[in-house]
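# Observations on the model geometry
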Amino acid sequence: MSRTFASLGIHNYRVFAAGALVSNVGTWMARIAQDWLVLTELTDQSATALGVVTGLQFLPIPLLAPYAGLIADRMSRKRLLVNTQLLLALNGFILFALVGLGVAELWHVYLLAFLQGATVSFDNPARQAFVNELVPHHLVPNAVGLNSASFNGARLIGPGVAGLVIGWWGIAPALAINAASFIAVLLGLLLIRDDELLLPPVRKTRGTVAEGVAYVRARPDLVLVFLVVFMLGTFGMNFQITMALMATSVFGKGAEEFGLLGSLMAVGTLAGALLSARRARPRLRTLLGGLGLFSVFCILAGLAPNYVTFALLLIPCGLFALTVMTTANSTVQLSTAPEFRGRVMALYMAIFMGGTPIGAPLIGWVGDALGPRWTLLIGGLACLLTFAAVGWFLMSRRELRARLTLRWPPRLDVYRKGA
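In this report, the structure presented in the accompanying data block is examined.

The rules behind these values
Think of each chain on its own: its residues are numbered from 1, step by step along the sequence as written. Only residues with pLDDT of at least 70 get local features here, since the model is predicted, and only at 80 or more are side-chain atom pairs given and counted; chain-wide, interface and lining totals rely on the full set of residues. Only hydrogens and water are removed before side-chain values are computed, so all heavy atoms of the structure are retained for them. Helix and strand assignments come from DSSP, with helices taken as H or I runs of at least 4 residues and strands as E runs of at least 2, each series counted from the N terminus. Relative accessibility thresholds used throughout: buried, under 20% of the residue-type maximum; exposed, over 50%; partly exposed, between the two (1.4 Å probe, protein chains only). Contact definition: two residues touch when any of their heavy atoms are within 4.5 Å. Method for areas: the Shrake-Rupley scheme with a 1.4 Å probe, in which residue coverage is limited to the protein chains shown. When charges are counted, Lys and Arg contribute as positive and Asp and Glu as negative, whereas His and the chain ends are disregarded. The atoms used to mark charge sites are NZ of Lys, CZ of Arg, CG of Asp and CD of Glu. Stacked, edge-to-face and tilted are the three classes for Phe, Tyr and Trp ring pairs, Trp counted by its six-membered ring, which pair at centre distances within 6.5 Å; planes under 30 degrees apart are stacked, over 60 edge-to-face, the rest tilted. Charges are assigned to positions over rings by a cutoff of 6 Å between ring centre and Lys NZ or Arg CZ, combined with an angular limit of 35 degrees from the ring normal. Only the contacting stretch of a helix is used when fitting its axis, a line to C-alpha atoms as for every element, and angles between N-to-C directions run 0 to 180 degrees. Left-handed describes a crossing whose near helix is turned anticlockwise from the far helix by less than a right angle; the clockwise case is right-handed. Convention used here: angles under 35 degrees read as roughly parallel, angles over 145 as roughly antiparallel, angles from 65 to 115 as roughly perpendicular, and any remaining angle as oblique. Charged means Asp, Glu, Lys or Arg here, nonpolar means Ala, Val, Leu, Ile, Met, Phe, Trp, Tyr, Cys or Pro, and polar covers whatever is left, Gly included. Throughout, disulfides are identified as pairs of cysteine sulfur atoms within 2.5 Å of each other. Here, a salt bridge means any side-chain nitrogen of Lys or Arg that lies within 4 Å of a carboxyl oxygen of Asp or Glu.

When helices and strands are counted, the protein shows 16 helices and 2 strands. Seen through its principal axes, the protein has C-alpha atoms that stretch 55 × 50 × 40 Å. Out of the 419 residues in the protein, the part that is buried amounts to 58%. Long-range contacts, defined as pairs at least 24 residues apart, comprise 84% of the intrachain contacts of the protein with a sequence gap of at least 6. Carbon and sulfur atoms provide 67% of the accessible area of the protein, an area that totals close to 17,300 Å². One finds the centroid of the 32 positive side-chain charges in the protein at a distance of 13 Å from the centroid of its 18 negative side-chain charges.

This is the structure:
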């Protein structure tokens, strides 16, 4: 088996990834259906309402994630994932039922978005740390990359299918497919062989949330990665809002064209995930180079003169955003002690997604006040400033120099003075 797909040679990872792929398709369909519901049926294309929904999905994460990480370090991660997936399936079914019966209101979507976020707060750290139980240590970067490939492969399929389903039959069928898709991931979890799991050593003490926070504070390398993903998650990764606004308000397109944008962006994110799966280990230059190039293409997308140009620019946006995310994720997982991994990954997800309750409503307000294009321009500029600030800090404090090679693929080399 090629290096890119090495983790698929392991039974436990293979069944887990197969179930997750099916469920991820449903998740992306539900995201498109939810956004279309809010924009076209529950409001008059309100960017602010869409921003609030997105923000509520992420609001519980920074509040609950530290405790969720502690639970992920204390109990069976497999059992925890089974419980969270059951709750997410129930959440998806309730939204489908409300829409199918024709009684859905905006506050219903707000409440279910918040409850989904609360469940994801416990699901994410367990899922991230569970990778280390499925594959050997040297395959963790490969497994992280393949997880992203699965998620973004589903993103390639889900939005386009959702657009067609909504255009032909309506929003409720798309939501029904999402609710049913959780059967696959639950089946994958049940097929995992417990005797082949690579469990971490049993701790003599139960551990605390404060220990996890202190561990991160004592690691400047982790703090730097956390800063990068916070800025990307807060200001850069609001495409759930920006694509909807650009498709409807700027280019005057319908559900099918809106769904196609998500699929086109997934071409880039899938490519980025597969490239990440081939890397033997994460590198700082990959993290920073990806952030800088994402910023540039995000700004160009905000200036796109027509729908086709905008759609094509989403491909490199997705590629470089995914490069940053997988590099950051692998860096944190590989450099964290096993007994702290659940709590550190919970803090990582809290930082990455925790800015969305701030960024999403702000970006939504920007879309209403200044226009949809500014939602992309401000996000790209914020990430570009982060790239410049982190680069300056590294070069000034660690006596480093950076060199950008403008060829394909672009490459950022970071090296010491005099080297």
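Structure shown, so let's carry the discussion forward.
Here we come to the packing of aromatic side chains. We describe a pair of aromatic rings using the distance from one ring centre to the other and the angle between the two ring planes. The tally for this structure, following the rule as stated, stands at 8 aromatic pairs. Seen from their ring centres, F251 and Y307 are 6.2 Å apart, and the 80° between their planes marks the pair as edge-to-face. Of this pair, F251 sits in the loop between α10 (239-250) and α11 (255-278) while Y307 sits in helix α13 (residues 307-335), and the two are 56 residues apart along the sequence. Exposure remark for Y307: the relative accessible area of 12% places this residue in the buried category. Look at F297 and F320: their rings are 5.9 Å apart centre to centre, the planes differ by 15°, and that puts the pair in the stacked class. Here the residue F297 occupies a position in helix α12 (residues 284-302), and F320 occupies one in helix α13, the gap between them amounting to 23 residues. Note that R31 overlies the ring of W28, its terminal NZ or CZ placed 4.6 Å from the centroid. Against the face of Y307 rests K253, its NZ or CZ located 5.3 Å from the ring centre.

Bringing the side chain of N91 into the picture now. Looking at the element boundaries, N91 is found in helix α4 (residues 77-100). The exposure class of N91 is buried, given its relative accessible area of 12%. When neighbours within four sequence positions are excluded, N91 is seen to be in contact with L112, L115 and Q116.

What follows covers α10. In terms of burial, α10 is largely enclosed, as 10 of its 12 residues are buried. Within the span of α10, buried status applies to F239, Q240, I241, T242, M243, A244, L245, M246, A247 and T248. Of the residues one or two after α10, G252 is the one with positive phi, at around 65°.

What follows covers the packing of helix α1 (residues 11-42) against helix α2 (residues 47-58). Packing of α1 against α2 brings their axes to within 9 Å, and their N-to-C directions diverge by 145°. For α1 against α2, the interelement crossing comes out right-handed. In contact with Q34, D35, V38 and L39 of α1, α2 contributes A49, L50, V53 and Q57.

A separate point is the side chain of N142. Mapped onto the fold, N142 is located in helix α6 (residues 140-168). Those residues in contact with N142, other than ones at most four positions away along the chain, are R3, T4, F5, A6, S7 and A277.

Moving on, we get to the environment of G252. For G252, the position within the fold is in the loop between α10 and α11. On a C-alpha basis, the gap between G252 and A180 in space is 32 Å, while along the polypeptide they are 72 residues apart.

With that out of the way, let us pick up the packing of α2 against helix α15 (residues 356-369). Between α2 and α15, the shortest axis-to-axis distance is 7 Å and the interhelical angle comes to 175°. When the axes of α2 and α15 are compared, the pair comes out roughly antiparallel. Residues A47, T48, G51, T54, G55 and F58 of α2 pack against T356, P357, A360, P361, G364, W365 and D368 of α15. Considered class by class, the residues forming the contact of α2 with α15 number 6 nonpolar, 6 polar and 1 charged.

A full pass over the atoms with the stated rule returns 0 disulfides. In this structure C298 is not part of a disulfide, and its nearest cysteine sulfur, from C317, lies 5.2 Å away. Lacking any disulfide linkage, C383 is separated from the closest cysteine sulfur, that of C298, by 6.7 Å. Since its relative accessible area comes to 0%, C383 is described here as buried.

To continue, consider the environment of A266. Note that A266 resides in helix α11. Considered as a pair, A266 and A210 are 56 residues apart in the sequence and their alpha carbons are 38 Å apart.

Side chains that differ in charge, positive against negative, can pair when their charged atoms come close. In this structure the tally under the stated criterion is 4 salt bridges. Notably, a salt bridge pairs R77 with E133, separated by 3.1 Å at the nearest N-O pair. Note that R77 is positioned in helix α4 and E133 in helix α5 (residues 106-134), a separation of 56 residues in sequence. Of the two residues examined, R77 and E133, each falls in the buried class. With its nearest N and O atoms 2.8 Å apart, the salt bridge here joins D194 to K78. Remark: K78 occurs in helix α4 and D194 occurs in the loop between α7 (171-190) and α8 (209-217); sequence separation between them is 116 residues. According to the relative accessible area criterion, K78 is buried, its value standing at 14%.

Read these as geometric descriptors, not functional statements.
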